[in-house]
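Spelled out, the chains give:
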Amino acid sequence: MPVYIRKNVSFTPPSIYNMQLEDDNDYLLDPDQMRDILPQPYRMINKILTGIIEDAWAILEGKENAILAEAQRVRPPRLDESIQVPIHSNATSLAESVDGRVIFVGLPNGLAAMDALSQFPLHKWEEDHAEITSIKTYLIAPDYHLITTVDDMGIARIFLFAFDHIFFIKALNENSPEGTSKTLCQKCEASNEGDYVGVSFENTGNKEIWFEAQKLPVENWIKELETIQAAISKQKDEHEKSMTDMTGQGGEAEHESQPKMSEDTKNDEVSVSVESVIEKLGTKFSHPSVVFKAKPPAQRPPAPNPSSSIASAVSKVDQGDVLGTGTNHVLGASHLESRDAMFQHKQESLLEFLPTEEEEKQIVVTFHFTNTSRMIPHGMEHSTASNKPVSVALWWSGTQHICHYSLLKTGKDIEFKPDIVWPCSDTITCSTISPCGSHMAFGLSNGNLALWDYQMGLPKAVLTVCGNGGVKELRFLDPTLFPSDPPEYPPYPVSSATFILAEYCDGTQALFDTCDGSQQIPRVIATEPENDDDIQTLIKVIPSLPELMLFVKKNGSMYIKDVGTGASLCQVHLPSTHTIQTPWSPIFALGAGGHMLYLKGEGQDVSEDGEVSDISCLFKFNLREYPILEEYWARPREKTNLIVYTTCQQRLDFLMKERLQQQAMRKPRMQKHWGQLRGELDIIQNAREIAVDTLRLSAPSSLQSIPETIKFRPSVAKVI
């Protein structure tokens, strides 16, 4: 049967909803399936190779994207004008004096001091195998400095620096080379004015750790230094007098022919004169005395009560009027053993999954010397405005309690219970105290921040920020950075506020204020970085520029940032041949009030023969010369105290001053009142002359029932 088909006929394509799905098994559509499926084990090999190639491609793509993002990012300007310091290239630590005049340099064999502006060497104390790794400085009197150091062998030493000379006072832990166990120092810090020093010791033999607070004889040291200074001045006067006599006898020509002494020779002569004066006077500086000793709390579970009866156990525990650490209890050994046996019986199936080896945790103490407050009665007789510490607050790593001990207790027993115990909701990770000693803040492992008014002894707030990690570091910023208006009334200052800079473990940085109230919204100045190399480690605030801070990234680059905005202003750049020692604890110091920055750079030079030489040295940066920081140097700053102490007499003076200022305003006001007094008296006189009946008829109906004595009461009140 014939079939007729029209030519040039175009059929309508099917709808997209009626199209058939492609067959994945059709090798014509997928050319990779033209080959047969590989048998084992080649199929597994092919899968592994494909995975390796894909992972390598992902790594290459990620690095390429990171390089592209780094190239597109706006970088802060560099501070490249570094000047190499010709001395102390083997410095192991740096620290500046409180007044910024002197830079103290730790060396592998002692301690040195140099001028912060001219880098001129002042004096050097040498001792073999004394590599100073930590230096703390304090100002005990004008031009008199206290220095505490710790070396790599764990020996703490105390020095005094006066009239450009270093005086060695004492080593707080001297170990005999023959002993099997040694006492090592973990931390050594003093109070603000050097009245007390706190030292943390560890015995390597029995692994015992304890804290000691020692009283420093600052007043005796000042008197002894003044005696030495008077003897040095007398010796200089005699030397100048003898030189004058010799010049007069020999003539001016002979004097001019003598070569001039260099500065090094003069400095050596001064050092020799100081040593000779000390040897001649036989001066022996006073030594510190131990005030009290504290040990870390017992590990959990606590030790049982050794008492034989319940009555004796109850008599030995605390009375319960204050919170304690839980070490003194009435639980006996038999009770704890029975509870342990019951736990072992109930959890027998799960005990096998517990770790057999316990990690050895290092116990470290953190302490702060505190001034007078309403919390501890000892020391309230002292002046409130004095900066003398009367107590110490300390806490041990891994604990949840802050213990407060009084420094004014006397007695033979130097180990006593804490006067006050502050419990926290979680493990304490860091703490700080304001320079004036009025506020104290604690960071917890859950990310919370507890703020206390230490002077009043009251908690102010519990603050938090959106962060996954615990608080890593806390510090109080200068009160001048906090925006505050002068009080309208009362006319005298009552209180002030400042910012707390909190640094979290995940890299987040936030600013809190010390105002009342816990519902605060923090100002986040740095969020969690995407790259671990961008994690910032805050190092130090520049003394003369409280709004600027030095920080170091994990990759080893140092920057200067604005704390208020969180923006990086510039990068402290070392030469390409040198790097910072470590991003967590770089060797640096700020001298001359923050005008000079000293930074240790490490580097190695490899010669053509393959010999490696150490080219490490000190670099200095003059921060005053950089244009990007001129705006901050030009800002006016007025010193503001975080806490204000106003006595009754000061308040009366402020009120009297305000009244005298308002005297000019009261005079025209009094004249106006005296001018209106005649008119008011005429109105009262006219009101008294009008008859009572006339007033009664003209008064409204609502006032007709009011007695006559009450009707005239407004006029009487006016007269009064």
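Residues numbered from 1 in each chain as written. Predicted model: local features only at pLDDT ≥ 70, side-chain atom pairs only at ≥ 80, totals over all residues. Heavy atoms only, no water.

## Let's talk about the pairing of strand 33 (residues 596-602)
Test applied: Exposed residues in this analysis have more than 50% of their type's maximum accessible area, buried residues have under 20%, and partly exposed residues fall in between, with area computed by a 1.4 Å probe over protein chains only. A run of H or I in DSSP becomes a helix once it reaches four residues, and a run of E becomes a strand once it reaches two; helices and strands are each numbered from the N terminus. Note on pairing: DSSP must find at least two bridges between two strands before they are called paired.
Along strand 33, six of the seven residues are buried, which leaves the element largely enclosed by surrounding structure. In this sheet, strand 33 lies alongside strand 31 (residues 579-580) in antiparallel orientation, the contact comprising two bridges. Directly across from Ile-580, in strand 33, lies its bridge partner Gly-601. Of the pairings in the sheet, the one linking strand 32 (residues 588-591) to strand 33 comprises four bridges and is antiparallel in character. What sits directly across from Leu-590, in strand 33, is Leu-597. Where strand 32 folds back on strand 33, the antiparallel hairpin that results is connected by four residues, among which Ala-592 adopts a positive phi of roughly 55°. Note: strand 33 against strand 36 (residues 617-622), six bridges, orientation antiparallel. Counted as the bridge partner of Leu-599 is Phe-619 from strand 36.

## Side note on helix 9 (residues 663-689)
Quick note on the threshold: In a helix, the anticipated span is given by 1.5 Å times the number of residues less one. By definition, a residue's bend is the angle between the axes fitted to the seven residues ending there and the seven starting there.
The terminal C-alpha atoms of helix 9 lie 39 Å apart, and with 27 residues this matches the ideal 39 Å at 1.5 Å per residue to within 8%. Along helix 9, the helix axis deviates most sharply at Leu-677, where the bend reaches about 30°.

## Re the sheet that holds strand 28 (residues 545-553)
The strand order across the open sheet built from five strands is 1-30-29-28-27, with neighbouring strands paired in mixed fashion. The sheet is open, and its two borders are formed by strand 1 (78-79) and strand 27 (536-542), each paired with just one other strand. One ladder, built from two bridges, connects strand 1 with strand 30 (residues 568-572); its direction is parallel. Of the residues in strand 30, the one forming a bridge with Leu-79 is Val-572.

## Things to note about unusual backbone geometry
Phi is positive for Asp-143, close to 70°, though the residue is something other than glycine. Looking at where Asp-143 falls in the secondary structure, it is placed in the loop between strand 7 (132-141) and strand 8 (144-151). Overall, the relative accessible area of 46% leaves Asp-143 in the partly exposed class. With a phi angle near 35°, Phe-163 is a residue other than glycine that sits in the positive phi range.

## Some points on the environment of Thr-227
Turning to its location among the elements, Thr-227 is positioned in helix 2 (residues 218-250). Sequence separation between Thr-227 and Leu-281 is 54 residues; the distance between their C-alpha atoms is 9.1 Å.

## A closer look at the state of the cysteines
Quick note on the threshold: Throughout, disulfides are identified as pairs of cysteine sulfur atoms within 2.5 Å of each other.
According to the stated counting rule, one finds zero disulfides in the structure shown. Of all cysteine sulfurs in the structure, the one in Cys-505 sits closest to Cys-430, which takes part in no disulfide; the separation is 8.3 Å. Relative accessible area serves as the criterion here: at 6%, Cys-430 is assigned to the buried category.

## Considerations on the side chain of Gln-536
Which entries qualify depends on this criterion: Each polar contact in these results corresponds to two N or O atoms within 3.5 Å; when the atoms are within protein, one needs to be able to donate a hydrogen and the other to accept it, and residues that are neighboring in sequence are counted only if both atoms are side-chain atoms. Two residues qualify as a contact provided that any one of their heavy atoms is within 4.5 Å of a heavy atom in the partner residue.
Along the polypeptide, Gln-536 turns up in strand 27. Residue Gln-536 is classed as buried on the basis of its relative accessible area, which comes to 15%. Side-chain polar atoms of Gln-536 contact the side chain of Gln-509, separated by 3.0 Å. Excluding residues that lie within four positions of it along the chain, Gln-536 makes contacts with Glu-503, Gln-509, Phe-551, Val-552 and Lys-561.

## Focus on the sheet that holds strand 5 (residues 110-115)
In a beta sheet, neighbouring strands pair by backbone hydrogen bonds and run either parallel or antiparallel. To keep things clear, this is the line we draw: Fitted lines through C-alpha atoms give the axes, limited to the stretch in contact for helices. The angle between two N-to-C directions lies from 0 to 180 degrees.
With respect to topology, four strands assemble into an open sheet ordered 3-4-5-6, the strand pairing being antiparallel. Edge strands, defined here as strands with exactly one partner in the open sheet, are strand 3 (93-96) and strand 6 (121-126). Each strand axis lies, on average, 15° off the axis of its neighbour in the sheet, ignoring direction. With six bridges connecting them, strand 4 (residues 102-107) and strand 5 associate as antiparallel partners. Among the inter-strand pairings, Ile-103 is bridged to a residue of strand 5, identified as Met-114.

## Considering the pattern of salt bridges
The line we're drawing: Any Lys or Arg side-chain nitrogen found within 4 Å of a carboxyl oxygen on Asp or Glu counts as a salt bridge.
Counted under the stated rule, the structure contains 16 salt bridges. Its salt-bridge partner being Lys-293, residue Glu-415 comes within 4.0 Å of it at the nearest N-O pair. On the criterion of sequence distance, the pair formed by Glu-415 in the loop between strand 17 (401-406) and strand 18 (420-423) and Lys-293 in strand 14 (residues 289-294) is long-range, its members being 122 residues apart. Among the salt bridges present, the one from Lys-409 reaches Asp-419, with a minimum N-O distance of 3.0 Å. You can see Lys-409 sitting in the loop between strand 17 and strand 18 and its partner Asp-419 sitting in the loop between strand 17 and strand 18, a full ten residues away along the chain.

That is the geometry; function is a separate question.
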